[in-house]
Amino acid sequence: MEKLREKISSIRAEAEAANARAEELEAKCKELEQFLMQRDHEIISLTNQNKHLTEDLEAAQEKIAQLKRLEDEDDDLKKENDAAQRKITLLEQELESSDKALRETTKNFREADVKAEHFERKVQQLENLLFEQEKKNEDLRHKNQELQAQLDEFNSQLDEI
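Right, let's walk through the structure included here. Quick caveat, the model's predicted, so the values are computed rather than measured.

Take the overall build of the chain next. Within the chain, the secondary structure is distributed over one helix and zero strands. Scaling as 2.2 N^0.38, a compact globule of 161 residues should have a C-alpha radius of gyration of about 15 Å, whereas the chain reaches 66 Å, well beyond that. Each principal axis of the C-alpha distribution contributes one length, and for the chain these read about 230 × 15 × 10 Å. Residues classed as buried in the chain amount to 0% of the 161 residues present. Of the roughly 15500 Å² that the chain leaves accessible, carbon and sulfur atoms contribute 55%. One finds the centroid of the 27 positive side-chain charges in the chain at a distance of 10 Å from the centroid of its 42 negative side-chain charges.

Here it is in structure tokens:
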């Protein structure tokens, strides 16, 4: 009987040890389940955070693409502006050349106009002189004719005498 009691005690001790071990393992299991639940929450949180970061990344990439398009448009506008500035510069140079040529032509025209007026006055003076000379010539011719007539009359009177 003693053996039986020892065996029962031994079985009880084993049972208590097994129960203690079972409780210990249950506690560890609960602890691991708690740890897994915590990890699941962390995974869900990180997944949500990853989703938001992915959305932010996509938004940032779209913004970068938009900024690159704006930069390209800006470059195009700068090129157009540079071309327009060069054209304006060329037109200003052409305007200056045309203005200089116009001033030179105007100066030459004024000089020619002054010369023309001078020559017109000279022509008028010469025409007046010619008119006076022709009048004198006509007067002299008329006097010459009168004198010729007088001479003829005088000669005819001399012939008669």
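Next up on the list: a nonpolar patch on the surface. A cluster of nonpolar side chains, L151, F154, L158 and I161, forms an exposed patch at the surface whose accessible area comes to about 440 Å². Along the chain, F154 falls in helix α1 (residues 2-160).

Here the focus is the pattern of salt bridges. Applying the stated criterion across every chain yields a total of five salt bridges. The partner of D99 in a salt bridge is R103, with the nearest N and O atoms 2.5 Å apart. Within this pair, D99 and its partner R103 are both found in helix α1, separated by four residues, close to a single helical turn.

A cluster of acidic side chains, namely E71, D72, E73, D75, D76 and E80, defines a negative patch on the protein surface. With respect to the secondary-structure elements, D76 resides in helix α1.

By secondary structure assignment, the location of A149 is in helix α1. A relative accessible area of 44% places A149 in the partly exposed class. Separated by 127 residues in the primary sequence, A149 and A22 have C-alpha atoms spaced 181 Å apart.

What follows is about the environment of F131. Along the polypeptide, F131 turns up in helix α1. Here F131 falls in the exposed class, since its relative accessible area comes to 56%. Placed 27 residues apart in sequence, F131 and E104 show a C-alpha to C-alpha distance of 39 Å.

Criteria and cut-off values
Residues numbered from 1 in each chain as written. Predicted model: local features only at pLDDT ≥ 70, side-chain atom pairs only at ≥ 80, totals over all residues. Heavy atoms only, no water. Helix = DSSP H or I, 4+ residues; strand = E, 2+ residues; numbered from the N terminus. Rg over C-alpha atoms; globule rule 2.2 N^0.38 Å. Buried < 20%, exposed > 50% of the residue type's maximum accessible area, 1.4 Å probe, protein only. Areas by Shrake-Rupley, 256 points an atom, 1.4 Å probe, with all protein chains shown as cover. Lys, Arg positive; Asp, Glu negative; His and termini not counted. Charge placed at Lys NZ, Arg CZ, Asp CG, Glu CD. Patch = residues over 30% accessible without salt bridge, like charges linked within 9 Å, V, L, I, M, F, W, Y side chains within 5 Å. Salt bridge = Lys/Arg side-chain N within 4 Å of Asp/Glu carboxyl O.

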